[in-house]
Amino acid sequence: MVQPRLFPIKEIQLDGDNPRIQHLVRQKFKTSAPNQLQLRNLILEQPGVSDLFKSIRDNEGLYEHILVRANGRLIEGNCRAACYLRLNETFKHEELWQTVPADVLPDVTEEEVAILQGHHHVGGKNRWPTYEKAGHIHRMNKDLKMPVKTIAGIMRMKEAAVLDVLRSYSIMTDQVLPRVSTGGLKKWSYVLEYVKNKSLHPSRSEEHTSE
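For clarity, every value in this text was computed on a predicted model and none was experimentally measured.

### Observations concerning the packing of helix H6 (residues 130-143) against helix H8 (residues 159-176)
Part 1 of the argument: Interaxial distance between H6 and H8 falls to 9 Å at its minimum, and their mutual angle equals 105 degrees. Our classification of the angle between H6 and H8 gives roughly perpendicular. For the pair formed by H6 and H8, the contact residues are Tyr131, Ala134, Gly135, Ile137, His138 and Asn141 on the first element and Val162, Val165, Leu166, Tyr169, Ser170, Met172 and Thr173 on the second.
Part 2 of the argument: By residue class, the composition of the contact of H6 with H8 is eight nonpolar, five polar and no charged.

Here it is in structure tokens:
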């Protein structure tokens, strides 16, 4: 059950695995894992976040709560939390910035979090860009071991479409992005169309839908 509360901002843990910034993290930090300060600064540098920061500061708080696990690790709200962390650093003695409005989900599994994020950002109105959506589907399948059929049901996609996304993500991540210094994400649509066009690779054997 969701529990609304004011969560201590210094106990918040930004999520470096969030599909929205996963590519940026890999690009900047390569094989090393960034610490929380590095993550905060990376998020604050992203387009639109400076405007969000000013809005939160000028309105003296958030209109929409962040979503966190009971231990403070973020589920939703990296940008909002990063802004609060900067405001806490800037206004160290102001009580307003010591806590952040949050909805807390206790005892939630990683699979449940992935499903929640999928509904919200892949199938919902607040959608991630296409490569980030693909990254989320890839994580559900490869890291969380969720079958393609299950993912298709959650995302309201055909199983064949999920398989195309998984193949495209692997090509994009392993072959395209390492060879492109800037603007690599713009190649996503070409990679996906290549994978979807079966006439370009008729000899490829079809994977099982439990991939």
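### Let's talk about empty space enclosed by the protein
Part 1 of the argument: In total, this model carries one cavity of 30 Å³ or more according to the counting rule given.
Part 2 of the argument: In this structure, the largest cavity occupies an estimated 40 Å³ of space.
Part 3 of the argument: If you trace the largest cavity, you find it lined by Pro19, Gln22, His23, Arg26, Tyr131, Glu132, Gly135 and Tyr169.
Part 4 of the argument: Taken together, the residues that form the lining of the largest cavity break down as three nonpolar, three polar and two charged.

### Some thoughts on the nonpolar core
Part 1 of the argument: In terms of nonpolar packing, the biggest core is built from 28 residues, with Ile12, Ile66, Val68 and Val100 touching the most fellow members.
Part 2 of the argument: Counting only elements with at least two residues in this core, the list comes to helix H1 (19-29), helix H2 (36-44), helix H3 (49-59), strand S2 (66-69), helix H4 (78-90) and strand S4 (99-105).
Part 3 of the argument: The dominant element in this core, judged by the number of residues it contributes, is H4, at six residues.
Part 4 of the argument: Once residues within four sequence positions are removed from consideration, Val100 is found in contact with Arg5, Leu6, Phe7, Ile9, Ile12, Leu62, Ile66 and Tyr84.
Part 5 of the argument: In terms of nonpolar packing, the next biggest core, distinct from the first, is built from 23 residues, Tyr131, Val176, Leu177 and Leu192 among them.

### Thoughts on the side chain of Ser168
Part 1 of the argument: Checked against the element boundaries, Ser168 lands in helix H8.
Part 2 of the argument: If near-sequence neighbours (up to four positions away) are discounted, Ser168 is found in contact with Trp188, Val191, Leu192 and Val195.

### Description of the environment of His65
Part 1 of the argument: Here His65 lies in the loop between H3 and S2.
Part 2 of the argument: Measuring from C-alpha to C-alpha, the distance between His65 and Ala81 comes to 9.7 Å, with 16 residues separating the pair along the chain.
Part 3 of the argument: One polar contact links His65 to Asp103, side chain to side chain, over a distance of 3.1 Å.

### A few points about helix H7 (residues 148-155)
Part 1 of the argument: Of the positions making up H7, those classed as buried are Val148, Ile151, Ala152, Ile154 and Met155. An end-on view of H7 places all buried positions within 165 degrees of arc, on one side of the element. Exposed and facing more than 90 degrees away from the buried side of H7 are Lys149 and Gly153.
Part 2 of the argument: Positive backbone phi, at 60 degrees, marks Arg156, one or two positions downstream of H7.

### Some details on the confidence of the model for the chain
A low pLDDT means the predicted coordinates there should not be read in detail.
Part 1 of the argument: For the chain, mean pLDDT is 87; residues scoring 70 or higher make up 91% of the total.
Part 2 of the argument: Predicted confidence is poor over residues 205-210, with pLDDT under 50, and the contacts of this stretch with residues over four places away or in other chains come to nine contacts.

### Considerations on the pattern of salt bridges
Part 1 of the argument: Scanning the entire structure with this criterion turns up nine salt bridges.
Part 2 of the argument: Glu110 is the salt-bridge partner of Arg69, the closest N and O atoms lying 3.3 Å from each other. Placement of Arg69 in strand S2 and of Glu110 in helix H5 (residues 110-122) is noted, with a sequence separation of 41 residues between them.
Part 3 of the argument: Connected through shared salt-bridge partners, Arg69, Arg73, Glu110 and Arg139 make up one network.

### Quick notes on the packing of aromatic side chains
Part 1 of the argument: One pass over the structure, following the stated rule, counts three aromatic pairs.
Part 2 of the argument: Ring centres of Tyr84 and Trp97 lie 5.2 Å apart, and the angle between their planes is 70 degrees; on these two criteria the pair is classed as edge-to-face. Residue Tyr84 is located in helix H4, and its partner Trp97 is located in the loop between H4 and S4; the two are separated by 13 residues in the primary sequence.
Part 3 of the argument: The buried category is assigned to Tyr84, whose relative accessible area is 2%.
Part 4 of the argument: Taken together, a centroid distance of 5.1 Å and an interplanar angle of 20 degrees make the contact between Tyr131 and Tyr169 stacked. Here Tyr131 is found in helix H6, whereas its partner Tyr169 is found in helix H8, with 38 residues between them in sequence.
Part 5 of the argument: Here a set of aromatic residues connected by ring pairs shows up, and it is made of Tyr131, Tyr169 and Trp188.

The rules we used
Position labels on residues start from 1 in each chain and follow its written sequence. Given that the model is predicted, a residue must reach a pLDDT of at least 70 before its local features are reported, and side-chain atom pairs must reach 80 or more before they are shown or counted; all residues, however, enter totals for whole chains, interfaces and linings. Each side-chain value is derived from all of the structure's non-hydrogen atoms; neither hydrogens nor water enter the calculation. Lines fitted to C-alpha atoms define the axes, with helix axes restricted to the stretch in contact, and inter-axis angles between N-to-C directions lie between 0 and 180 degrees. Under the DSSP-based scheme used, a helix requires at least four consecutive residues in state H or I and a strand at least two consecutive residues in state E, with every element numbered from the N terminus. Reported orientations rely on four angle classes, namely roughly parallel under 35 degrees, roughly antiparallel over 145, roughly perpendicular from 65 to 115, and oblique for the rest. Contacts: residue pairs with any heavy atoms within 4.5 Å of one another. We call Asp, Glu, Lys and Arg charged. Ala, Val, Leu, Ile, Met, Phe, Trp, Tyr, Cys and Pro are nonpolar, and the rest, Gly among them, are polar. Only protein atoms enter the calculation, which uses a 1 Å grid: trapped sets of points that fit a 1.4 Å probe without letting it out are cavities, open sets showing protein on both sides within 12 Å along at least five of seven lines are pockets, and any residue with an atom within 4 Å of a point is a lining residue. Grid points are joined across faces, edges and corners, and a volume is the space filled by probe spheres set on the points. In these notes, a set of buried Ala, Val, Leu, Ile, Met, Phe, Trp, Tyr and Cys residues joined through side-chain atoms within 4.5 Å is what counts as a nonpolar core. Three exposure classes are used, based on accessible area relative to the maximum for each residue type with a 1.4 Å probe and protein chains only: buried under 20%, partly exposed in between, and exposed over 50%. Polar contacts, as counted here, are pairs of nitrogen or oxygen atoms within 3.5 Å of one another; within protein the pair requires one atom able to donate a hydrogen and one able to accept it, and residues that are adjacent in sequence qualify only if both atoms are side-chain atoms. Arc definition: it is the arc formed by the directions from the helix axis to the C-beta atoms. Summary of the metric used: pLDDT quantifies the predictor's per-residue confidence within the range 0 to 100. Criterion for a salt bridge: a side-chain nitrogen of Lys or Arg within 4 Å of a carboxyl oxygen of Asp or Glu. Each pair of aromatic rings taken from Phe, Tyr and Trp, with Trp reduced to its six-membered ring, is defined by centres within 6.5 Å and is described as stacked if the planes are under 30 degrees apart, edge-to-face if over 60, and tilted in the remaining cases.

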